[in-house]
Amino acid sequence: MTRAAATVGRIDWSVIGLVVLLGAVSVFNLHSTSIATGTTVYLRHLYWLLIGLVVMGAVAAINYRNLQRVAPFFYGVVVLLLALVLAVGKEVNGSRRWLDLGFVGFQPSELAKLAIILNLANWFQRVPRPAGYALRDLVPVALLLGVPMFLVLQEPDLGHTLMLMFIGISMLAYERFEKRALMTVLLLGLVSAVPLWKFVLRDYQKDRVLTLLDGKADVHGAGWHARQARVAVGSGGLIGKGHGDGTQVAGGFLPENHTDFVFAHLSEELGLLGAGLVLAIYLLLIVAALRSAAQARDKFGGHVAVGVGALIFWHVVMNIGMVLNLLPVTGVTLPLLSYGGTSVLTVMAAMGLLLNISLRRTVF
Amino acid sequence: MSDVYLDSSIVGYRARARRLGFVVFAAFGVLFLRLAQLQLVEGDALEAASSRNFVRTVKLPADRGTIYDRNGKVLAVNRPSFDLFVTPSQVKDLDALIDGLRAVLDLDELDLVHLRERIEEPRGMWRFRPFRIERDIDRKRVAVAEALRARVEGLSIRVRYQREYPEGIVGAHAVGYLGKPTAPELEADAEGRLSVDAMIGRFGLERRFESVLAGHDGFERYVVDARGARQDEGWAERAMSGIQSRQAPERGHDIVLTVDVEVQKILFEALANYESGAAVVVDPRDGTVRGIISKPSFDPNLWSGRLTPEAKRLIDESPYNPMLDKSVHAYFPGSVYKIVTALAALEEGVLDPDDPIDSPGSYEYGNRVFHCHKRSGHGSLDLNGAMAASADVYFYKLGEALGIDRLARYGRKFGFGARPGLGINGEAVGTVPTREHHDRVTKGGYQYGLALSTAIGQGDVRTSPLQMAMAYAALANGGSIFPARIVDRIQNEDGQVVSRYDSKPRSTLEASDEHIQAVSRALERAVNDAELATGHLAAVAGGRVAGKTGTAQVMEINRGRGRHDVKRFQNRDHAWFAGYAPYEAPKLVVVVFLEHGGSGGRDAAPVARRIIEAYHQRVEPVFSTSALNEPTRR
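Residues numbered from 1 in each chain as written. Chains lettered and ligands numbered in written order. Predicted model: local features only at pLDDT ≥ 70, side-chain atom pairs only at ≥ 80, totals over all residues.

Draft legend 1. Local environment of the overall build of chain A. Along the backbone of chain A there are 14 helices and 3 strands. For a compact globule of 364 residues, the expected C-alpha radius of gyration is about 21 Å, and chain A comes in at 21 Å, within 12% of that figure. By principal-axis analysis of the C-alpha atoms, chain A measures approximately 55 × 55 × 40 Å. Expressed as a percentage of contacts within chain A between residues at least 6 apart in sequence, the contacts between residues at least 24 apart total 71%. (Helix = DSSP H or I, 4+ residues; strand = E, 2+ residues; numbered from the N terminus. Rg over C-alpha atoms; globule rule 2.2 N^0.38 Å. Contact = placed C-beta atoms within 7 Å.)

Draft legend 2. Summary view of the overall build of chain B. The number of helices and strands found in chain B is 23 helices and 24 strands. Taking 2.2 N^0.38 as the reference for a compact globule, 634 residues should give roughly 26 Å; the C-alpha atoms of chain B span a radius of gyration of 36 Å, well beyond that estimate. Taken across its 634 residues, chain B has 42% of its residues classed as buried. In chain B, once contacts between residues fewer than 6 apart in sequence are set aside, the share between residues at least 24 apart is 74%. (Buried ≥ 20, exposed ≤ 12 C-beta atoms within 10 Å, placed from the backbone.)

Draft legend 3. Molecular detail of the sheet that holds strand S12 (residues 277–283) of chain B. Residues and elements named next belong to chain B. Here we have 5 strands laid out as an open sheet, ordered S13-S12-S24-S23-S22, and antiparallel in their pairing. Sheet topology places strand S13 (288–295) and strand S22 (546–552) at the edges, where each strand pairs with a single neighbour. The average undirected angle you get between the axes of adjacent strands in this sheet is 5 degrees. For S12 and strand S24 (residues 588–594), the ladder comprises 6 bridges, and the chain directions are antiparallel. Considered in S24, the bridge of glycine 277 is made with leucine 594. (Pairing = 2+ DSSP bridges. Axes fitted to C-alpha atoms, helices over the stretch in contact; angles between N-to-C directions.)

Draft legend 4. Focus on the interface of chain A and chain B. With 44 residues of chain A at the contact, the number on the chain B side is 36 residues. If you list the elements that add at least two residues to the side of chain A that touches chain B, you get helix H10 (223–236), helix H11 (247–250), helix H12 (262–295) and helix H13 (299–323) of chain A. Residues that form the side of chain A that touches chain B fall into these classes: 24 nonpolar, 15 polar and 5 charged. (Nonpolar A, V, L, I, M, F, W, Y, C, P; charged D, E, K, R; others polar.)

Draft legend 5. Looking closely at the environment of B:Ile486. Residues and elements named next belong to chain B. With respect to the helices and strands, the residue isoleucine 486 is situated in the loop between strand S18 (480–481) and strand S19 (487–491). When the 25 C-beta atoms within 10 Å are taken as the criterion, isoleucine 486 is described as buried. Sequence-wise, isoleucine 486 and arginine 70 are 416 residues apart; in three dimensions their C-alpha atoms are separated by 9.6 Å. Not counting the four nearest positions on each side in its chain, isoleucine 486 is found in contact with Ala174, Leu257, Thr258, Val259, Val289 and Leu422.

Draft legend 6. Spotlight on the packing of H12(A) against H13(A). All names here are of chain A. Across the interface, H12 lies against H13 with an axial gap of 9 Å and an inter-helix angle of 160 degrees. The orientation of H12 with respect to H13, classified from their angle, is roughly antiparallel. Remark: the crossing between H12 and H13 carries left-handed chirality. On the side of H12, the interface is formed by Phe263, Ala264, Tyr282, Leu285, Ile286, Ala289, Leu290, Ser292 and Ala293, while H13 contributes Gly302, Ala305, Val306, Val308, Gly309, Ile312, Phe313, Val316, Asn319, Ile320 and Val323. (Parallel < 35°, antiparallel > 145°, perpendicular 65-115°, else oblique. Left-handed = near helix turned anticlockwise from the far one by under 90°.)

Draft legend 7. Molecular detail of the pairing of strand S16 (residues 368–371) of chain B. All names here are of chain B. Relative to S16, strand S15 (residues 362–365) runs antiparallel, the two being bridged by 4 bridges. Opposite glutamate 364, over in S16, you have valine 369 as the bridge partner. The turn linking S15 back onto S16 is made up of 2 residues, and glycine 366 within it adopts a positive phi angle of 60 degrees.

Draft legend 8. Spatial organisation of helix H23 (residues 600–618) of chain B. The end-to-end C-alpha distance of H23(B), which contains 19 residues, comes to 25 Å, matching closely the 27 Å that a straight helix rising 1.5 Å per residue would cover. Of all 19 residues making up H23(B), 15 are buried, and the element is well covered by its neighbours. (Expected span 1.5 Å × (residues − 1).)

Draft legend 9. Molecular detail of the sheet that holds strand S1 (residues 90–92) of chain A. All names here are of chain A. If you walk across this open sheet you meet the 3 strands as S1-S2-S3, and the pairing is antiparallel. Both outer strands of the open sheet, S1 and strand S3 (105–106), are each paired with one neighbouring strand and no more. Here strand S2 (residues 95–100) pairs with S3 via 2 bridges, running antiparallel. In the sheet register, aspartate 100 faces S3, and the bridge partner there is glycine 105.

Draft legend 10. Quick peek at helix H21 (residues 513–528) of chain B. Residues and elements named next belong to chain B. Over its 16 residues, H21 extends 22 Å from the first C-alpha to the last, a length consistent with the 22 Å expected when each residue adds 1.5 Å. Buried within H21 we find Ile516, Ala518, Val519, Ala522, Leu523, Glu524, Arg525, Ala526, Val527 and Asn528. In this structure, the buried residues of H21 make contact with helix H14 (338–347), helix H15 (383–389), helix H20 (465–476), S22 and strand S23 (574–581).

Draft legend 11. View of the nonpolar core. Formed by 137 residues in total, the largest nonpolar core has its most connected members in B:Tyr472, B:Val589, B:Val591, B:Val592 and B:Ile611. No other element matches the 10 residues that H20(B) contributes to this core. When near neighbours in sequence (up to four residues on either side) are disregarded, B:Val591 contacts B:Ala279, B:Val280, B:Pro465, B:Met468, B:Ala469, B:Tyr472 and B:Ala578. Core analysis: the second largest hydrophobic core is formed by 114 residues, A:Val249, A:Leu290, A:Met351 and B:Leu38 among them. (Core = buried A, V, L, I, M, F, W, Y, C linked by C-beta atoms within 7 Å.)

Draft legend 12. Local environment of the confidence of the model for chain B. Residue and element names in this part refer to chain B. Taken as a whole, chain B shows an average pLDDT of 89; of its residues, 95% reach a score of 70 or greater. Between residues 1–8, whose pLDDT stays under 50, and residues either more than four places distant or in other chains, the model counts 6 contacts. We note a pTM of 0.72 for the whole complex and an ipTM of 0.93 for its interfaces. (pLDDT = per-residue confidence, 0-100.)

Draft legend 13. Up close: the environment of B:Met199. Residues and elements named next belong to chain B. Along the polypeptide, methionine 199 turns up in the loop between helix H7 (183–188) and strand S7 (200–201). Between the C-alpha atoms of methionine 199 and glutamate 233, which are 34 residues apart in sequence, the distance is 35 Å. Ignoring sequence-local partners within four residues, the contact set of methionine 199 consists of Arg163, Leu178, Gly179, Lys180, Ser304 and Gly305.

Listed below in structure tokens is the structure:
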């Protein structure tokens, strides 16, 4: 077997297949938005997906050892961009999340997720503790995680701040810890909840949490989005209202129906069958990531795979949890289904990482 | 390869990857269950919520039925009324619109500035809501507005029904008026039949027959988007499939009354000189009400949604209580009640009508002295004379012999103490006092002397003019008590009868013809006796009227402060006349009640005469002679 043939043989086609399937579902879904609004949003999304596939291939092709080497540099660039967005970012709805590159908007917090994944993995590789990590080992991890989180929170973007935190915690969960360290972290987390609520969260963010706890309050304010998403999902029933016939979308009752609330849109038109299929695709993708992690040939690869799985997992949980009125409203996108260039490219790059690692896995 | 680690720790990673996998499965399980809960369990409710989002339902109000008098004259009818609306979101050229409206509405510059603000002010969804700038504009203005609408955008004209009462204040109490439903009524309205801008029967027959007259509103449904703009194509068309888009309104039924507008006018004219009172004309042969009025009256056209606060205040503060329907409200009857005493005494065998009984100016009973209205007394009288002179002592003696409970029994036989059956305006039951009644309500309990007061219609007796009419009708028709009937039939738009109200006596006086005749004869004397008749001012030339006057004493209740004229009014006696004509074969019963009107003989009797004469001349001949065509003595 030639080396090339061996490489091709190791490609995780299931990941590619799932990504393409998800992409197809999303283009189909956004096509109905286009019918309703008379725009070509589905075509633009398709272009981003195609560009994304190229990015995925490129990321998969570079040996991840090289990626590991440039990870600290990448981290530095991301931190600079996050600082830059606070200074010159485009202000939308009272927050600065976007850098205007002229032809396209760009969200540095998306890149921050990849930077965290690569650099935490890098650190775990470089500082092995076979007996388990101690409390003092966590200080650099906290710093690595804390700096971008702090910057993203200033935009403010609570969703992405939490995203970074959850990805970090998930990657930590893939490691062993001394009992004392584990207890201390849990305790700290509990103790910090009160000052977090009081001093860090802004009023509108608290509103969203409160709205979730009391769904009937203020149906025109913070509860409006959540309420309309629930109506959209529920009115879809088992088989949905049909492509282009989602009244919540077509009538404009469901806000952000092609971005943050795209899952409500899909559930309304395709019903439990369509929404269940999408859930299954995500589940299989995450399972594929965990499998790659277990088969990775080093700690860096394993952690990157876990990080990618966590990225998909938390995006799905926070977004769909929000749409289903289980979690507060945060601007977290649904991977590949939500319209948005930066989001699509980030997820595709993450998928590229996954392919990269499975390509170079240990073969028994 | 050195970088491939095959040490023991890889086993740990595998276990942890599996553990993370469990967490992932669990989380997805929660998401899927929640999804299923919303889409399957709550699916129907949320689909309904979704429909509420995009389906706009517009009520198509039903045309309310018409109320006719017995001759087909319109008493209450719906007429289309045109209201002017502006939809801010549709206004393209505000200046042109405002300028054009100058020609349609009588607005000064300040009004125009306000109007401009009202159009510019709304934000968001409110911009898509039309709001009314003027209601009920006349035809000429409708034409101008239509022309303006063709030139500028944002203006619309909506048709609605306005209730109209062509006869105005004449007979307003019986017909009634419409009003908006109250908040409690809206809350209690489970079927959602009412709405804030609905007009429902508030008074009189409009209220009693609300369900008959109202009909059933229809609706029109269409799809709107989140901004409230109507959508008809594509998704909207498909979303409407399976949804009923239109339900035609069902017109209410018409009501034909037994009342005659001409009689109503006659009653109004006859009572012209009296502020407060009521008059009733009934056909004794079938108990149908031919005329029924209450004074002072009100204009139902104003009350049906166009009453100004100032006009309402005036009515609310009037000492004459215009909104009380006095024809069905109970008052002290005084001597018109003596028919009960007379018939009871005859039936119970305590009186021979021809026996003379001494009737002096006063009667001592126990430690009380009961006076006659004529302090000098009447001497010895038989029943005819006693009724004619309204000799109180004669009736005190009958009352003493009968006792209050026997009097009450006959009072009930005449229909007193029970609703006559019109079913409108809080129709009073009145009071027929018994021993038990006095034990319950009178200070010191029942005393036998109360039977004496009751015998002349004082004490605690209370009757309504309508009850009195039905009682006298029973004497006039030989003993049948009819339920008061004012609605002849209910019919649909095409004039087909939906239901007809029969005239069936509900009871009889259970008295012998001989005794009924004796009381009737006495009533004839009370009008026509040359010497004694207290009701002689009710007599007509060329015909015989039978009847009785009544002057009911009113307790002086009003010694305190207040307008002098109001106090004087309130301390005057009630004046009654109840009777029928012609005596030989009665065709109409007339009851005149003048609240604090003075004296039955002086005030009420001539009013009754005018009614009977006018009825004979303008409605149907009552008397066989043409004598009444001569100028009557007034």
